[in-house]
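# Topology and contacts: notes
Listed below are the residues making up each chain.
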Amino acid sequence: MGMTLTEKILARAAGRSVVEPGENIWVEVDLLMTHDVCGPGTIGVFKREFGANAKVWDPEKIVLIPDHYIFTADERANRNVDILREFAQEQGIKYFYDITDRGNFKANPDYKGVCHIALAQEGHTRPGEVLFGTDSHTCNAGAFGQFATGIGNTDAGFIMGTGKLLIKVPATMRFVLNGKMPDYLLAKDLILQIIGDIGVAGATYRTMEFAGETIEQLTMEERMTLCNMAIEAGGKNGVVAPDATTFEYVRARTSKPFEAVYTDADAQFYSDRCYDVSELEPVVAKPHSPDNRALARECQDVKVDRVYIGSCTGGKTEDFIHAARILKGRRVKVPTYLVPATQKVYEDLFTQKYDGQTLSEIFLGAGCIEPAAPSCAACLGGPKDTFGRMNEPEVCVSTTNRNFPGRMGEKTAQIYLASPCTAAASALTGYITDPREYLA
Amino acid sequence: MSALIRGTIFVLDDNIDTDQIIPAEYLTLVPSRSDEYRKLGSYALAGLPERYGRFIAPGEMTTLYPIIVAGENFGCGSSREHAPIALGAAGVKAVVAQSYARIFFRNCAATGELYPWESQNRLCDEFKTGQEVSLDFAHNQLVNHTLNQVYELKPLGEVGPVIDAGGLFAYARQTGMISRS
């Protein structure tokens, strides 16, 4: 009997020829990622359990990325970045993307920004490998045909010391998407559609594998958006089969060898769902749950106080290009916050052009707030002085990933999750707006 | 493991996510530091909507409710281990939910902070905050003393002994999976 892509990766990592869903197996870890929120606790567990003088299992297989609470006066948040730095120096960690000058992030060439996008841009997301990260959106890297999932500090501390983890092999739910993507639809619409169909616990303990001709046409950034939100359906990981698009992206960023694997024709799936994307429409997830789906055009009476474009899910270069398509030559009616995921995305805003203008010229011309320093920012609320944080019970249309009560700060704030196109269209009217109104 | 845990319950609905269990602004607290561990406990469930009432009384560090009863998908959202830790530090011994999000469930076992029991049926509509219950580990039962009813739970299975031991590392040492030093 055949295996799925995820089963094959886990079998290789376990040194076995075959694994089956439900089995508990020890896997060898290719990469462990942690950040400023969970890194200090992970380091604490590692030292407590392996000793104050213990050495990590492999200083080249740990990636430390400060990204969550960077541009804040919060002393404990700043201390947590210092803890990462001290540990990186002590252990000789090869990949530590440090920031020391918070007043001017551009003065820190090593600083990247949001970990999931930084991992991809720095060549750490490689087909066939096993990545664990102390962040639920680690599943983002499944876009590269990698097994990638989020874990807690204790499991991460265990990996730091041993390079191994005991995990359960997930069964795979396959989502086959066919048809040509209309220009008003983005991967964000596809994943919100799917989460709306299966619910926020619809993929708990399972893999979400995305396949079909639509997926093959998607760019790497769009595939990331899709896999990034697998966790919002409870999924253990999301995955897309690697192809020429994947190899081109990865090989441009790393010379490290990797071995891609693919789902067998006779693999067994927990479930199989098919979509014709040409029939889908732009959607939003209404408060307070990512599966509370509605058509954007059905929400046109919802008055919006602000729009937020940012995060690992919706703050990549292409996300801003899609927003610029809508905003060019027009004026926003509500405060519109732009938070590039990484320093590279930030640079792209000032160098990449759409229809003759740079993205930042388009945004500033439209009256958006100047692009902020790259970080997780208000996606998860954070310290009170976080850029874009919801401090009032207002309504926000956001390209982020989660809208449970209090996710962006104030617990009575109402967050509507949407694609960059829908977010931009909503900024122009001050109401939730279907982007087709601006894409003639 | 205690054979029995008795106490008052705090009742929650479905999809109580990690931001409601421990809001992101408190994630600067590092759980492996004992003073910050206790402080995390004082913010447990601080992100809940007001309708639930207060889980921890003003000025207190711990809760009067050692058992939480909840609906489906408890602990969904983030991978932050601060979530089970905040509950454990607040004095929660067990959650009895209809179902759990995967990472939260795993983090309960990894930290050994609390027992994630699953109920056979939906209890959160029937139970009310402040009712007195006993969790009977030997019989996989929850007794609601206020309603005078007994409810069946799903066996804890493999995670029971891990939490009994005090978490992943303690269990691994106890069973010889890693060295005792």
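A short tour of the structure in this document, coming up.

How each quantity is defined
- Residues numbered from 1 in each chain as written.
- Chains lettered and ligands numbered in written order.
- Predicted model: local features only at pLDDT ≥ 70, side-chain atom pairs only at ≥ 80, totals over all residues.
- Heavy atoms only, no water.
- Helix = DSSP H or I, 4+ residues; strand = E, 2+ residues; numbered from the N terminus.
- Rg over C-alpha atoms; globule rule 2.2 N^0.38 Å.
- Buried < 20%, exposed > 50% of the residue type's maximum accessible area, 1.4 Å probe, protein only.
- Contact = heavy atoms within 4.5 Å.
- Lys, Arg positive; Asp, Glu negative; His and termini not counted.
- Charge placed at Lys NZ, Arg CZ, Asp CG, Glu CD.
- Disulfide = S-S within 2.5 Å.
- Pairing = 2+ DSSP bridges.
- Buried area = accessible area lost by both parts, 1.4 Å probe.
- Salt bridge = Lys/Arg side-chain N within 4 Å of Asp/Glu carboxyl O.
- Polar contact = N/O pair within 3.5 Å; in protein donor to acceptor, adjacent residues only side chain to side chain.
- Nonpolar A, V, L, I, M, F, W, Y, C, P; charged D, E, K, R; others polar.
- Axes fitted to C-alpha atoms, helices over the stretch in contact; angles between N-to-C directions.
- Parallel < 35°, antiparallel > 145°, perpendicular 65-115°, else oblique.
- Left-handed = near helix turned anticlockwise from the far one by under 90°.
- Core = buried A, V, L, I, M, F, W, Y, C linked by side-chain atoms within 4.5 Å.
- Domains from an automatic or database assignment.
- Phe/Tyr/Trp six-rings, centres within 6.5 Å; stacked < 30°, edge-to-face > 60°.
- Lys NZ or Arg CZ within 6 Å of the ring centre and 35° of its normal.

## Focus on the overall build of chain B
Counting its secondary structure elements, chain B contains six helices and seven strands. Over its C-alpha atoms chain B spans a radius of gyration of 16 Å, differing by no more than 12% from the 16 Å that the globule rule assigns to 181 residues. Principal-axis analysis of the C-alpha atoms gives chain B an extent of 50 × 40 × 25 Å. Of all 181 residues assigned to chain B, the portion counted as buried reaches 61%. Look at the contacts in chain B between residues 6 or more apart in sequence, and 65% of them connect residues 24 or more apart. Across chain B, the centroid of the 15 positively charged side chains sits 6 Å from that of the 20 negatively charged ones.

## Let's talk about the state of the cysteines
This structure, assessed with the given rule, holds zero disulfides over all chains. This cysteine, A:Cys115, is not joined by any disulfide, and A:Cys376 carries the nearest cysteine sulfur, 6.0 Å off. Its sulfur unpaired, B:Cys108 is 13 Å from the next cysteine sulfur, which belongs to B:Cys76. Take B:Cys108: its relative accessible area is 0%, and that puts it in the buried class.

## A word on the sheet that holds strand β5 (residues 130-133) of chain A
Pairing within the open sheet is parallel, and its five strands lie in the order β4-β3-β2-β5-β6 (chain A). The outermost strands of the open sheet, each flanked by one partner alone, are β4 (95-96) and β6 (147-150) of chain A.

## Some remarks on the interface of chain B and chain A
Frequently, the measure chosen for interface size is the accessible area that the parts lose on association. Listed by partner, the interface residues are 42 residues for chain B and 49 residues for chain A. Surface buried jointly by chain B and chain A totals about 3600 Å² across both partners, of which 53% is contributed by carbon and sulfur atoms. Contact with chain A buries surface across chain B, with B:Thr28, B:Arg102 and B:Phe169 losing the most and accounting together for 21% of the total. Counting the contacts that link chain B with chain A gives seven salt bridges. We note a salt bridge from A:Arg389 to B:Glu25, for which the minimum N-O separation is 3.1 Å. One can count 21 residue pairs in polar contact (both at pLDDT 80 or more) joining chain B with chain A. When residues of the side of chain B that touches chain A are traced back to their parent elements, those giving at least two are α1 (18-21), α2 (34-42), α4 (102-111) and α6 (168-174) of chain B. No other element matches α4(B), which puts seven residues into the side of chain B that touches chain A. Residues of the side of chain B that touches chain A, tallied by class, amount to 17 nonpolar, twelve polar and 13 charged.

## Quick look at the packing of helix α3 (residues 82-90) of chain B against α4(B)
All names here are of chain B. With their axes 8 Å apart at the nearest point, α3 and α4 run at an angle of 55° to one another. Considered as vectors, α3 and α4 are oriented oblique to each other. Between α3 and α4 lies a crossing of right-handed hand. Across the interface between the two elements, Ala 83, Pro 84, Ile 85 and Leu 87 of α3 pack against Phe 104, Asn 107, Cys 108 and Thr 111 of α4. Among the residues making up the contact of α3 with α4, the classes are represented as six nonpolar, two polar and no charged.

## Describing the nonpolar core
In terms of nonpolar packing, the biggest core is built from 155 residues, with B:Phe55, B:Phe74 and B:Leu87 touching the most fellow members. Two domains share this core, each providing at least three of its residues, namely domain 1 (5-255 + 268-274) and domain 2 (284-438) of chain A. Sequence-distant contacts of B:Phe74, defined by excluding residues within four places in its chain, comprise B:Leu12, B:Ile16, B:Ile21, B:Ile68, B:Leu87, B:Val95, B:Ala97, B:Ser99, B:Tyr100, B:Ala101 and B:Phe104. A:Ile25, A:Ile62, A:Phe158 and B:Ile178 belong to the second-largest nonpolar core, a separate cluster that totals 42 residues.

## Details of the pattern of salt bridges
For side chains bearing opposite charge, pairing can occur when the charged atoms are close. Residues and elements named next belong to chain A. Applying the stated criterion to the full structure yields 35 salt bridges over all chains. Residue Arg 402 is joined to Glu 232 by a salt bridge in which the shortest nitrogen-to-oxygen separation is 2.9 Å. A residue pair is termed long-range when its members are at least 10 positions apart, and Arg 402 in the loop between β18 (395-398) and β19 (414-417) and Glu 232 in the loop between α8 (220-228) and β10 (237-240) qualify at 170 residues. With respect to class, Arg 402 is no different from Glu 232; both count as buried. Note that Arg 306 is salt-bridged to Glu 394, the shortest N-O span being 3.9 Å. Placement of the pair is Arg 306 in strand β14 (residues 306-310) and Glu 394 in the loop between α13 (359-365) and β18, with a sequence separation of 88 residues.

## Topic: α3(B)
Summarising burial for α3(B): nine of the nine residues are buried, a large majority. Among all positions of α3(B), only B:His82, B:Ala83, B:Pro84, B:Ile85, B:Ala86, B:Leu87, B:Gly88, B:Ala89 and B:Ala90 are buried. The secondary structure elements touched by the buried residues of α3(B) are α5 (153-162) of chain A together with α1, α2, β2 (67-70) and α4 of chain B.

## Structural notes on the environment of A:Phe258
Residues and elements named next belong to chain A. Within the secondary structure, Phe 258 is located in the loop between α9 (244-251) and β11 (271-276). Residues Phe 258 and Thr 134 lie 124 residues apart in sequence; the distance between their C-alpha atoms is 23 Å. Aside from chain neighbours lying at most four places away, what touches Phe 258 is Arg 126, Pro 127, Phe 247, Val 250 and Arg 251.

## So, the sheet that holds strand β4 (residues 115-119) of chain B
Residues and elements named next belong to chain B. Taken in spatial order, the seven strands close into a barrel running β1-β2-β3-β4-β7-β6-β5, and their pairing is mixed. Put simply, the sheet's adjacent strands are angled 35° from each other on average, direction ignored. With five bridges joining them, strand β1 (residues 4-11) and strand β5 (residues 132-136) adopt antiparallel strand pairing. Across the sheet, residue Gly 7 finds its bridge partner in β5, namely Val 133.

## Overview of the packing of aromatic side chains
Tallied over the full model, the rule gives 26 aromatic pairs over all chains. Measuring from ring centre to ring centre gives 5.0 Å for B:Phe10 and B:Phe55, while their planes differ by 70°; the resulting arrangement is edge-to-face. Remark: B:Phe55 occurs in the loop between α2 and β2 and B:Phe10 occurs in strand β1; sequence separation between them is 45 residues. Both residues of the pair, B:Phe10 and B:Phe55, count as buried. Chaining the aromatic ring pairs together yields one cluster made of A:Trp26, A:Phe46, A:Phe50, A:Phe87, A:Phe158 and B:Phe169. A cation over an aromatic ring shows up here: A:Lys168 above the ring of A:Tyr205, its NZ or CZ 5.6 Å from the ring centre. When the ring centre of A:Tyr270 is taken as reference, the NZ or CZ atom of A:Arg206 above it lies at 3.8 Å.

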